[in-house]
Amino acid sequence: MSAIPDPVAAAVAATVARHRQDPHYILQMLREIQEACDWIAPEAIDRLQQALGLPRTKVEGVAGFYSFLYTKPRGRYRVLFSDNITDRMLGNMELLRRMCEQLWIERGKTSEDGLVSVDTTSCTGMCDQGPALLVNNYAITRVDAPRVDAICELIRAQVELAAWPREYFRVDDQVRRKDVLLGAALAPGEALAAGCARGAEALLAELKLSKLRGRGGAGFSTGLKWEACRNAAGSEHYVVCNADEGEPGTFKDRVLLSAHADLVFEGMSLCALALGARRGMLYLRGEYRYMLDQLNAVLERRRQAGLLGIGILGREGFDFDIEIHLGAGAYICGEESALIESLEGKRGTPRNRPPFPVTHGYLDQPTVVNNVETFAASCLVALRGGAWYAGIGTSASAGTKILSVSGDCARPGLYEYPYGVSVSEVLAACGAVDVQAVQVSGPSGVCLAAGEFGRRIAFEDIPTAGAFMVFDQRRDMFAVARNFVHFFAHESCGFCTPCRVGTSLLRNLMDKLNNGHGSPYDFAEIEKLNRILQAMSHCGLGHSACNPVLDTIAKFRPAYERRLQQKEFEPAFDLDWALEPARQMTGRDDAGAHIGSVEKS
Amino acid sequence: MDTVVKKKLKVATTSLAGCFGCHMSFLDIDERLFDLLELIAFDRTPLTDIKELGECDIGIIEGGLCNAENVHVLREFRRQCKLLIAIGACAINGGLPAQRNQLSLALILEEVYHTSVGLANGLIPNDPELPLPLAKVRPLHEVVRIDYFIPGCPPSADAIWKALNDILAGHAPALGHGLIHYD
Amino acid sequence: MSASFTIDGKAVPFAEGQTIIQAALAAGVYIPHLCHHPEFKPHGSCKLCTVRISGRQSASCTTLAQAGMAVESDTPALNDERRTLTQMLFVEGNHFCPSCEKSGNCKLQATAYDLGMMTAHFDHFFPSRPVDASHPDVLLDFNRCILCSLCVRASRDVDGKNAFALSGRGIKTHLIVNAKSGRLADTDVTLQDKAVRVCPVGVFLRKDRGFNVPIGRRVFDLKPVSAYVDATAALAKE
Ligand SMILES: Cc1cc2nc3c(=O)[nH]c(=O)nc-3n(C[C@H](O)[C@H](O)[C@H](O)COP(=O)(O)O)c2cc1C
Ligand code: SF4
Ligand code: SF4
Ligand code: SF4
Ligand code: FES
């Protein structure tokens, strides 16, 4: 028996103290333990469980849910290559192979000396400067072969991450087009002062007048949401900012938080003013770990400036503060009720709705959950008024939308446009030529073919959470859909049968087609799974998991038909390969030790 | 009444990785077999001496796929038969033989031939006459298209009788309570 | 007169706050279900109970009954989709009914019978899952777990033990027990626990009662699951 290593005890004690022994912070504690100890050892779970007085099942249940928490050793250096389709198009798989070869390890396995592991992860939100990877959850951008080689050297030499070249960790904002939001150079406190001057009631009235709708995807009226929450009875009201930004191809919240954090926090404060809330939480995706310290610094600066804390802007009774919770690799936590579960320190399983968060949210109290961009935009409304804001965009879609443009184009990055901008306008601006398709709003969004580029970004035409991935004529749209299906299978929370099993079945079928075993029979199967996912799933993830397949089948059918190489049904696996273990064990290689793919009659 | 003598449907059966239990249950339909023989004629089956499979209307297969030989026979049946029926748990989900799927084949062969004392003088048989085992035992429908399924381990004679009648009448078998069983 | 709604045209009375399935089962109208249990709060994970209301599908165990709503349940289309769900559950785990002590008393099996499931249809996952025989009185065969959380809920809400939980995510979701060793023997679970008795399938098996009631005379041998007004109660008597 080895003695319990001291660092574990110290790490647990420190994190438990930091979070005042509050079991709602268990996810934050696990994450901090992992940061300190490189993994969450059984001894760490023992100590955490005892310190918090929780059953072990609770701790293990949470630890097992999040991709970035490891209950088995994964190495001192944990490399995760971002595996969005845009990373693929930039050659991430080749780079991953290169790294594995140089480090003499197999993808997904920890090296024998416990030094390093290399694997893939869902899109890390660096699509405009990929291929990207995470080392111990810190983002590295613009990975190429020399950078891979250098990283391998650093790992072999066991150089501390803090001593790696800062250049590797450089994340650019790449704002290509500013409009009212990205161009607003507001002084901290300006919008909040305007909101305070209006007062809560008038602020809500302006917000409704502005026709501001949620920017996170669902597009619910922000004014109505805040009002409903304000009117809901509860002992506390909460403000939650959804910065989970997990939809592959989306990275505008990252830029808003890095360049306009004040605007976001100020929007949350305005919401607090409207609700009479005293606590706000920003749920930051684990992939954006590198921003945590700088965001906390902004919060601290705002406290010093009297923009957070007790008696904000000198107003008696306006007490509000914000804390940042970090996610740990779970796309589903972007769904608002799963996000709240995660904030409460639970597995990120979407709740049954109704009731909705506005009446029963965090700790079952009335809670507003809004996207980063929504909060930022609310500042403009507070400052300039609802009528002004409603005058921008189209009649059904007020204001502007920030698009995260990536893929095959000369100038990837952020483009802010008034709603109503056409897809072709954006394509022209970003320098995309020979475009075959655009995936708007990520895998759960819509895939547009060339004939549809006249359509407009707007709630009434093409609603979007912001992703805008461009594919030129060289790209194989089947590969695109397959990448997205893998994403959903990996990110399904596993709560409900249709999505838990259905996304895996769908992934297997797409792989079957990819491996040349597809027949029209499998095509029918895919369509059947699509129906079940859409009709029976518990939440939006399952509902939209089939979107990329449905869209690409409808619009790029030849990409599928090329795959239906078999007329007759074939097994999903290679029959001859299924004899390989037996061949190895027996040393046979005669004709009878093989099965042909097609039998001679 | 229809006086035209209908051409009898040709039926073949076989047992792959099964125990012949389904065949025994089939024979349990007893005197109803005579009614059945009004409608069908057997081609290759363990019940007849016909060794070569000819073109058939219906193939009935018991047992799953354990080895290369099973795969060859199944493919032959798929080629020759218009309709294929998987009968019994093993054909439908791998059944008892598929319990080995939890272990790797290498481990199993090691255990059987190397570790435990026994028959093969510590050698894994490598006679080309012997069919090689598949890495995993597979149900039939994972390798060829199967038209109908009659579950049970084995299905009762009544279940088989009902299912065959349904199929001969041209529709999917519907067994209903008491007849449908997975055990 | 109390408020009512209809299921497949049949009037079903309900009390304020009742879910569709609660009202339905109280009125003797069967809606397939696996994760719903009358003694526990609505959960909504298996989706077998999905019904159609004004063209939209939703789980009847988590949807509140409302006066005048027209619910479709026993339709060929819905039953097709439900059958597909049972098939998913069968291929996801390892269900070898002939050697399962729960056969005949198993809700998954009975529901699949009732829906006319002749084959699991999809390619089997053949997952590698353990069996835990460490406990003196209870055997745990994880091969058959359908992740309905009933044991989790029972242990937490009734037994006050938190002996079980789900861990992992997605297709890797799995049941864990409250012991560092991962062994049931090292928990405080006893035969008297509600958690040991709520499993709709054959994960929890009592070691003292192998094949007490012979196959052929078990709950769902006597009647199909849809013919029971309260199958849960019938099973509890077993
Ligand atoms: C699977 C799934 C993932 C989601 N991810 C995000 C996300 O990353 N960021 C976000 O703001 N909203 C996300 N949403 C939408 C949220 O549930 C919610 O509608 C939104 O945060 C509300 O804010 P808004 O009104 O400002 O858009 C997601 C929804 C689903 C179903
Ligand atoms: S649809 Fe998928 S992500 Fe949503 S609850 Fe079901 S399993 Fe979880
Ligand atoms: S749990 Fe039910 S379905 Fe699974 S093997 Fe046992 S009896 Fe069959
Ligand atoms: S063991 Fe049984 S009761 Fe517990 S989750 Fe699995 S199927 Fe449900
Ligand atoms: S019974 Fe309703 S979802 Fe399981």
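The rules we used
- Residues numbered from 1 in each chain as written.
- Chains lettered and ligands numbered in written order.
- Predicted model: local features only at pLDDT ≥ 70, side-chain atom pairs only at ≥ 80, totals over all residues.
- Heavy atoms only, no water.
- Helix = DSSP H or I, 4+ residues; strand = E, 2+ residues; numbered from the N terminus.
- Buried < 20%, exposed > 50% of the residue type's maximum accessible area, 1.4 Å probe, protein only.
- Contact = heavy atoms within 4.5 Å.
- Areas by Shrake-Rupley, 256 points an atom, 1.4 Å probe, with all protein chains shown as cover.
- Lys, Arg positive; Asp, Glu negative; His and termini not counted.
- Charge placed at Lys NZ, Arg CZ, Asp CG, Glu CD.
- Buried area = accessible area lost by both parts, 1.4 Å probe.
- Salt bridge = Lys/Arg side-chain N within 4 Å of Asp/Glu carboxyl O.
- Polar contact = N/O pair within 3.5 Å; in protein donor to acceptor, adjacent residues only side chain to side chain.
- Nonpolar A, V, L, I, M, F, W, Y, C, P; charged D, E, K, R; others polar.
- Pairing = 2+ DSSP bridges.
- Axes fitted to C-alpha atoms, helices over the stretch in contact; angles between N-to-C directions.
- pLDDT = per-residue confidence, 0-100.
- Near = heavy atom within 4 Å.
- Phe/Tyr/Trp six-rings, centres within 6.5 Å; stacked < 30°, edge-to-face > 60°.
- Lys NZ or Arg CZ within 6 Å of the ring centre and 35° of its normal.

1. Brief notes about the overall build of chain C
Here comes step 1: The number of helices and strands found in chain C is 6 helices and 10 strands.
Here comes step 2: Dimensions of chain C along its principal axes, counting C-alpha atoms only, are 55 × 40 × 35 Å.
Here comes step 3: Burial analysis of chain C (238 residues in total) assigns 60% to the buried set.
Here comes step 4: Residue pairs at least 24 apart in sequence account for 61% of intrachain contacts in chain C once pairs closer than 6 positions are excluded.
Here comes step 5: As displayed, chain C has an accessible area near 9300 Å², and 52% of this comes from carbon and sulfur atoms.
Here comes step 6: In chain C, the 27 positive side-chain charges and the 23 negative ones have mean positions that sit 2 Å from each other.

2. So, the interface of chain B and chain A
Here comes step 1: Across the boundary between the two partners, chain B contributes 25 residues, which contact 25 residues of chain A.
Here comes step 2: Regarding the contact of chain B and chain A, the summed buried area is about 2100 Å², with carbon and sulfur atoms giving 65% of it.
Here comes step 3: At the junction of chain B with chain A, the criterion picks out 1 salt bridge.
Here comes step 4: Glu568(A) is the salt-bridge partner of Arg145(B), the closest N and O atoms lying 3.9 Å from each other.
Here comes step 5: At the junction of chain B with chain A, the criterion picks out 5 residue pairs in polar contact (both at pLDDT 80 or more).
Here comes step 6: Those elements giving two or more residues to the side of chain B that touches chain A turn out to be helix H3 (68-80), helix H5 (105-115) and strand S6 (133-138) of chain B.
Here comes step 7: When residues of the side of chain B that touches chain A are assigned to their parent elements, the largest contribution, 5 residues, is made by H3(B).
Here comes step 8: Class assignment for the residues of the side of chain B that touches chain A results in 15 nonpolar, 3 polar and 7 charged.

3. Some details on the sheet that holds strand S2 (residues 40-42) of chain B
The strands that make up a sheet are held in pairs by hydrogen bonds between backbone atoms, and each pair lies either parallel or antiparallel.
All names here are of chain B.
Here comes step 1: Taken together, 5 strands build an open sheet; the order of strands is S2-S1-S3-S5-S7 and the sheet is parallel. A strand with exactly one partner marks an edge of an open sheet, and here the two such strands are S2 and strand S7 (148-150). Pairs of neighbouring strands in the sheet enclose a mean axial angle of 30°, with direction left out of account.
Here comes step 2: Taken together, the 3 bridges between strand S5 (residues 81-87) and S7 define a ladder with parallel strand orientation. In the sheet register, Ile85 faces S7, and the bridge partner there is Tyr148.
Here comes step 3: Docked against the sheet, H3 engages strand S1 (9-15), strand S3 (56-62) and S5, running at close to 135° with respect to S5.

4. Topic: the confidence of the model for chain B
Here comes step 1: With 94% of its residues at a pLDDT of at least 70, chain B reaches an overall mean of 90.
Here comes step 2: S7(B) holds the highest mean pLDDT among the elements of chain B, 98, whereas H5(B) holds the lowest, 86.

5. A look at the interface of chain C and chain A
Many authors give the size of an interface as the accessible area that is lost as the parts come together.
Here comes step 1: Facing 39 residues of chain C, the contacting portion of chain A comprises 41 residues.
Here comes step 2: Between chain C and chain A, the buried area comes to about 3200 Å², and carbon and sulfur atoms account for 58% of it.
Here comes step 3: For chain C, the biggest contributors to the area lost against chain A are Met88(C), Arg169(C) and Lys180(C); these three give 24% of the whole.
Here comes step 4: Counting across the interface, chain C meets chain A through 3 salt bridges.
Here comes step 5: For the salt bridge of Asp46(A) with Lys180(C), the shortest nitrogen-to-oxygen distance reads 2.6 Å.
Here comes step 6: Counting across the chain C and chain A interface gives 21 residue pairs in polar contact (both at pLDDT 80 or more).
Here comes step 7: If you list the elements that add at least two residues to the side of chain C that touches chain A, you get helix H2 (76-92), strand S8 (164-167) and strand S9 (174-177) of chain C.
Here comes step 8: The residue makeup of the side of chain C that touches chain A, split by class, is 17 nonpolar, 15 polar and 7 charged.

6. A word on the site of ligand 1
Residues and elements named next belong to chain A.
Here comes step 1: As a matter of local geometry, ligand 1 sits amid 20 residues, with Gly216, Asn242, Asn370, Asn371 and Thr374 nearest to it.
Here comes step 2: The contact in question runs from an oxygen atom of ligand 1 to an N or O atom on the side chain of Lys225, over 3.1 Å.
Here comes step 3: Considering ligand 1 on its own, with 610 Å² of exposed area, one finds that the protein chains cover 89% of that surface.
Here comes step 4: Among the elements of the structure, strand S9 (367-371) and helix H21 (540-544) are those that each provide at least two residues to the shell around ligand 1.
Here comes step 5: Per-element accounting of the shell around ligand 1 gives the leading share, 3 residues, to S9.
Here comes step 6: Tallied by class, residues from the shell around ligand 1 come to 4 nonpolar, 10 polar and 6 charged.

7. Observations concerning the pattern of salt bridges
Residues and elements named next belong to chain A.
Here comes step 1: Per the counting criterion, the structure on display carries 74 salt bridges over all chains.
Here comes step 2: Glu323 serves as the salt-bridge partner of Arg279, at 3.5 Å between the closest nitrogen and oxygen. Taken together, the residues Arg279 in strand S7 (residues 279-284) and Glu323 in strand S8 (residues 321-326) connect sequence positions 44 residues apart.
Here comes step 3: Judged by its relative accessible area of 26%, Arg279 falls in the partly exposed class.
Here comes step 4: A relative accessible area of 22% places Glu323 in the partly exposed class.
Here comes step 5: A single salt-bridge network, built from bridges that share partners, covers Arg18, Arg31, Glu32, Glu35 and Arg289.

8. Remarks on the environment of Ile310(A)
Residues and elements named next belong to chain A.
Here comes step 1: Structurally, Ile310 is set in the loop between helix H13 (292-304) and S8.
Here comes step 2: When the C-alpha positions of Ile310 and Arg278 are compared, they lie 9.3 Å apart, and in sequence the two are 32 residues distant.
Here comes step 3: Aside from chain neighbours lying at most four places away, what touches Ile310 is Phe318 and Asp319.

9. What to know about the pairing of strand S10 (residues 400-407) of chain A
All names here are of chain A.
Here comes step 1: Burial runs high along S10: 7 of the 8 residues are buried.
Here comes step 2: Strand direction decides the pairing type here: S10 and strand S11 (residues 413-418), joined by 6 bridges, are antiparallel. Within S11, the position partnered with Leu403 by the bridge is Tyr415.
Here comes step 3: Connecting S10 to the next strand, S11, in antiparallel fashion are 5 residues.
Here comes step 4: Of the strand pairs in this sheet, S10 and strand S14 (residues 467-472) are connected by 4 bridges, and their pairing is parallel. Paired with Ser404 across the two strands is Ala467, which belongs to S14.

10. Side note on the site of ligand 4
Here comes step 1: Close contacts around ligand 4 come from 13 residues, with Cys145(C), Cys148(C), Ser149(C), Cys151(C) and Cys199(C) the closest.
Here comes step 2: Partitioned by chemical class, the residues of the shell around ligand 4 number 12 nonpolar, 1 polar and no charged.

11. Remarks on the pairing of S8(C)
Residues and elements named next belong to chain C.
Here comes step 1: Alternating residues of S8 divide into Phe164 and Leu166 and Ala165 and Ser167, and every residue in both groups is buried.
Here comes step 2: As judged from the 4 bridges shared by S8 and S9, these two strands associate in the antiparallel manner. Bridge pairing links Ser167 to His174 in S9.

12. Some words on the environment of Asp28(B)
Residues and elements named next belong to chain B.
Here comes step 1: In this fold, Asp28 is placed in the loop between helix H1 (21-27) and helix H2 (32-39).
Here comes step 2: For Asp28, a relative accessible area of 46% gives the class partly exposed.
Here comes step 3: Placed 133 residues apart in sequence, Asp28 and Trp161 show a C-alpha to C-alpha distance of 9.6 Å.

13. Digging into the sheet that holds strand S1 (residues 4-7) of chain C
Residues and elements named next belong to chain C.
Here comes step 1: Spatially, S2-S1-S5-S3-S4 is the arrangement adopted by the 5 strands of the open sheet, whose pairing is mixed. Strand pairing shows two members of the sheet lacking a second neighbour, strand S2 (10-13) and strand S4 (56-59), which therefore form its edges. For this sheet, the mean inter-axis angle between neighbouring strands, taken without regard to orientation, is 35°.
Here comes step 2: One ladder, built from 4 bridges, connects strand S3 (residues 50-53) with S4; its direction is antiparallel. Following the sheet pairing, Thr50 is matched in S4 by Ala59.
Here comes step 3: On top of the sheet, H2 reaches S3, S4 and strand S5 (70-72); it is set at about 150° to S3, its chief contact.

14. What about the packing of aromatic side chains?
Here comes step 1: Going through the model one piece at a time under the given rule, you end up with 18 aromatic pairs over all chains.
Here comes step 2: Measuring from centroid to centroid gives 5.2 Å for Tyr419(A) and Phe459(A), while their planes differ by 35°, and the two rings are tilted. Of the two residues, Tyr419(A) sits in the loop between S11 and helix H17 (423-430) while Phe459(A) sits in the loop between strand S13 (446-449) and S14, which places them 40 residues apart along the sequence.
Here comes step 3: The ring of Phe573(A) carries Arg138(B) above its face, with NZ or CZ at 3.8 Å from the centroid.

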